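Chain and residue survey
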Amino acid sequence: MPVTAPLSFRHAKVQRLRRLLGRRSARDAEGVFVAEGPTLLGEALSSGAQVEAVFVAPREPGAPDAAVVRAAWDAGVRVYDLAPGVLERVSATVTPQPVLAIVGRRSFSVEDLHGEAPVIVCVDVRDPGNLGTVLRSAEAAGAAGVVCCDGTVDVYNPKCVRASAGALFHVPVVAGGTPMTVLQLLAAAGRRRLGTAVGRGEDYASADLAGPVALVLGNEAHGLPAELEASLDGFVHVPLSGRAESLNVGIACAVLCFEAARQRRRVA
């Protein structure tokens with residue numbers, strides 16, 4: 001595969017990779033992001049995403065990631081070997097993955113999200129791990145898409161990409177848009193907009209989630225801003241029996257998405 005010498009830490013391509021991992025501004029400017037590990041590379045390839053380049057750390061012959069790296073090479077992707085110690089300096093994780101891929105973003109708008117399955121709207125969700133879990137839950141339950149409104153953490157943050165476990169490549173994601181504008185567009189598309197709040201609104205199990213709805217998730221600490229209430233058609237909540245004051249936003253998303261999926265199966 002690669003015929004050039006392994007790239008050093010100071011090589012321009014490695015420095016670009018480092019910028020893309022560490023800076024949202026670099027990712028936004030180039031319209032690309034970094035997927036870490038052979039599993040995410042495989043998901044990117046299988047989804048038809050535009051994989052621009054793959055970087056591989058030194059490893060033993062016949063390593064488990066060899067097959068997916070070969071698949072990338074056979075698909076015409078540029079593959080580069082990294083010199084020893086480079087990966088550890090580039091990656092921010094304690095145990096870095098041996099394969100890194102630069103992948104082009106896919107652009108979706110709210111108008112692209114069709115069907116009866118719910119749309120998940122994230123308003124000011126700040127933790128990248130939580131957003132990754134939202135993406136994973138939404139994709140697993142067959143959601144129509146996820147909208148990350150302005151103020152929500154970068155969906156292409158490396159931690160979010162890792163936490164999505166490949167879901168980012170298989171569920172439409174709309175990045176950007178003010179919450180008010182997004183909710184107006186969803187209403188125009190015929191979706192009921194249901195906010196999520198602790199102990200407020202209908203019990204999620206009795207609420208009608210089978211039709212086209214938008215489930216609106218708020219900030220981990222403060223929930224949804226009060227000024228959005230006029231743009232919502234109601235609220236739903238997950239009753240809690242224990243001492244916890246609320247559910248993690250990713251877990252709440254999973255509960256709601258799978259209840260919506262259950263209701264759609266029931267009426268099908």
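See above for the structure.
So, a few notes on the structure that sits alongside this text.

Regarding the environment of Ala144
Tracing the sequence through the fold places Ala144 in the loop between helix 6 (128–140) and strand 6 (145–148). Separated by 31 residues in the primary sequence, Ala144 and Leu113 have C-alpha atoms spaced 5.7 Å apart. Residues contacting Ala144, with those up to four places away along its chain left out, are Leu113, His114, Ala117, Pro118, Val119, Pro172 and Arg191.

Thoughts on helix 6
If you check helix 6, its first and last C-alpha atoms are 18 Å apart, about what 13 residues at 1.5 Å a residue would give, namely 18 Å. Residues of helix 6 that are buried sit in contact with strand 5 (119–122), strand 6, helix 7 (158–163), strand 7 (173–175), strand 10 (213–217) and helix 9 (249–267). One side-chain oxygen of the residue at the start of helix 6 lies 2.9 Å from the amide nitrogen of Gly129, identifying that residue as Asp127. Note on helix 6: the residue one or two positions beyond its end, Gly142, has a positive phi of about 80°.

A look at the state of the cysteines
Under the defined criterion, the tally for this structure stands at zero disulfides. Cys122 provides the cysteine sulfur closest to Cys148, a residue in no disulfide bond, and the two sulfurs are 5.0 Å apart. No disulfide involves Cys160; its sulfur sits 7.0 Å from that of Cys148, the nearest cysteine. The exposure class of Cys160 is buried, given its relative accessible area of 0%.

Describing a nonpolar patch on the surface
A cluster of nonpolar side chains, contributed by Val198, Leu240, Leu247 and Ile251, occupies part of the molecular surface with about 330 Å² of accessible area. In this fold, Val198 is placed in the loop between strand 8 (192–196) and strand 9 (202–203).

Brief notes about the packing of aromatic side chains
Throughout the structure, instances matching the rule amount to three aromatic pairs. Relative to Tyr80, the ring of Phe55 lies with its centre 5.4 Å away and its plane at 25°, an arrangement referred to as stacked. You can see Phe55 sitting in strand 2 (residues 51–56) and its partner Tyr80 sitting in strand 3 (residues 78–81), a full 25 residues away along the chain. The exposure classification of Phe55 matches that of Tyr80, with both residues buried. We note Arg89 situated over the ring of Phe9; from NZ or CZ to the ring centre the distance is 3.7 Å.

Thresholds applied
- Residues numbered from 1 in each chain as written.
- Predicted model: local features only at pLDDT ≥ 70, side-chain atom pairs only at ≥ 80, totals over all residues.
- Heavy atoms only, no water.
- Helix = DSSP H or I, 4+ residues; strand = E, 2+ residues; numbered from the N terminus.
- Contact = heavy atoms within 4.5 Å.
- Expected span 1.5 Å × (residues − 1).
- Polar contact = N/O pair within 3.5 Å; in protein donor to acceptor, adjacent residues only side chain to side chain.
- Disulfide = S-S within 2.5 Å.
- Buried < 20%, exposed > 50% of the residue type's maximum accessible area, 1.4 Å probe, protein only.
- Patch = residues over 30% accessible without salt bridge, like charges linked within 9 Å, V, L, I, M, F, W, Y side chains within 5 Å.
- Areas by Shrake-Rupley, 256 points an atom, 1.4 Å probe, with all protein chains shown as cover.
- Salt bridge = Lys/Arg side-chain N within 4 Å of Asp/Glu carboxyl O.
- Phe/Tyr/Trp six-rings, centres within 6.5 Å; stacked < 30°, edge-to-face > 60°.
- Lys NZ or Arg CZ within 6 Å of the ring centre and 35° of its normal.

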